[in-house]
Amino acid sequence: MPAAGIAGLVKAALAVHHGVLPPTLHCEEPQELLAQTRFRPIAKAEPWESAGAPRRAGVNAFGFGGV
């Protein structure tokens, strides 16, 4: 369990490297309030347009324990 967060880190690093936004898992019915933000779930992988700016990705550190 201590290594659970490494999968998210690897996924983010590969997404940045390859320029592909990975799909959002297990989000068939997103919270309605999400529509009021700039965030959105992604149904299938799509190109990550950078327009010359550096790509950045965030990874949470919650893992299984919620710490």
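Everything that follows concerns the structure shown earlier in this document.
What you see is a predicted model; the values in this text were computed from it and never measured.

Q: Give a detailed account of the overall build of the chain, specifying residues and quantitative values.
A: Across its full length, the chain carries 1 helix and 2 strands. Order of helices (α) and strands (β) in the chain, N terminus to C terminus: α-β-β. Taking all 67 residues of the chain together, 7% fall into the buried category. Intrachain contacts of the chain at a sequence separation of at least 6 include 50% that bridge at least 24 residues. With an accessible surface of roughly 5,900 Å², the chain has 61% of that area assigned to carbon and sulfur atoms.

Q: How would you summarise the pattern of salt bridges if you had to cite specific residues and measurements?
A: Evaluation of the coordinates by the stated rule reveals 1 salt bridge. Close ionic contact of Glu46 with Arg40 constitutes a salt bridge, the shortest N to O distance being 2.6 Å.

Q: Tell me about the layout of surface pockets, and please be specific about residues and values.
A: Regions of empty space are outlined by a rolling probe, equal in size to a water molecule, passed over the atoms. By volume, the largest pocket is sized at about 760 Å³. What lines the largest pocket is a set of 21 residues, and nearest its centre among them are Leu21, Pro22, Thr24, Ile42 and Gly58. Looking at which element gives the most residues to the lining of the largest pocket, the answer is helix α1 (residues 6-18), with 4 residues. A breakdown of the residues in the lining of the largest pocket according to their chemical character gives 13 nonpolar, 4 polar and 4 charged.

Q: Could you give an account of a nonpolar patch on the surface, with specific residues and numbers?
A: On the surface, Ile6, Leu9, Val10, Leu14 and Val59 cluster together to form a nonpolar patch covering roughly 420 Å² of accessible area. Relative to the helices and strands, Leu14 resides in helix α1. The class for Leu14 is partly exposed, based on a relative accessible area of 45%.

Q: Go over unusual backbone geometry, please, and point to the residues and values.
A: At His26, a residue that is not glycine, the phi angle is positive and equals roughly 60 degrees. In this structure, His26 sits in the loop between β1 (20-21) and β2 (46-47). Not every positive phi belongs to a glycine, and Ala51 is a case in point at roughly 50 degrees. Here Ala51 shows up in the segment after β2.

Q: Describe α1, and please don't skip the residues or the numbers.
A: Along its 13 residues, α1 runs 18 Å from first to last C-alpha, staying within 8% of the 18 Å computed at 1.5 Å per residue. Backbone geometry just downstream of α1 places Gly19 in the positive-phi region, at approximately 70 degrees.

Q: Help me get a handle on the environment of Ser50, residues and values and all.
A: Within the fold, Ser50 resides in the segment after β2. Through-space distance from the C-alpha of Ser50 to that of Gly19 is 8.2 Å; in sequence the pair is 31 residues apart.

Calculation notes
Per-chain numbering applies: the sequence of each chain, read as written, is numbered from 1 onward. Under the rules for a predicted model, residues below a pLDDT of 70 receive no local features and side-chain atom pairs below 80 are neither given nor counted, while totals for whole chains, interfaces and linings still include all residues. As a rule here, side-chain values cover all heavy atoms of the structure and leave hydrogens and water aside. Helix and strand definitions follow DSSP, with helices as H or I runs of at least four residues and strands as E runs of at least two, each counted in order from the N terminus. Relative accessibility thresholds used throughout: buried, under 20% of the residue-type maximum; exposed, over 50%; partly exposed, between the two (1.4 Å probe, protein chains only). Note on definitions: a residue-residue contact is assigned when non-hydrogen atoms from the two residues lie within 4.5 Å. Computed by Shrake-Rupley with a 1.4 Å probe, the accessible areas treat only the displayed protein chains as cover when residues are assessed. Put simply, a salt bridge is a Lys or Arg side-chain nitrogen that is within 4 Å of an Asp or Glu carboxyl oxygen. Lining residues are those with an atom within 4 Å of a point, where the points come from a 1 Å grid over the protein atoms alone and group into cavities, where a 1.4 Å probe fits but cannot get out, or pockets, open sets with protein on both sides within 12 Å along at least five of seven lines. Grid points are joined across faces, edges and corners, and a volume is the space filled by probe spheres set on the points. Note on residue classes: Ala, Val, Leu, Ile, Met, Phe, Trp, Tyr, Cys and Pro are nonpolar, Asp, Glu, Lys and Arg are charged, and everything else, Gly too, is polar. Residues enter patches when their relative accessible area tops 30% and they take part in no salt bridge; the joining distance is 9 Å for like charges and 5 Å for the nonpolar side chains Val, Leu, Ile, Met, Phe, Trp and Tyr. A helix's residues, less one, multiplied by 1.5 Å, set its expected span.

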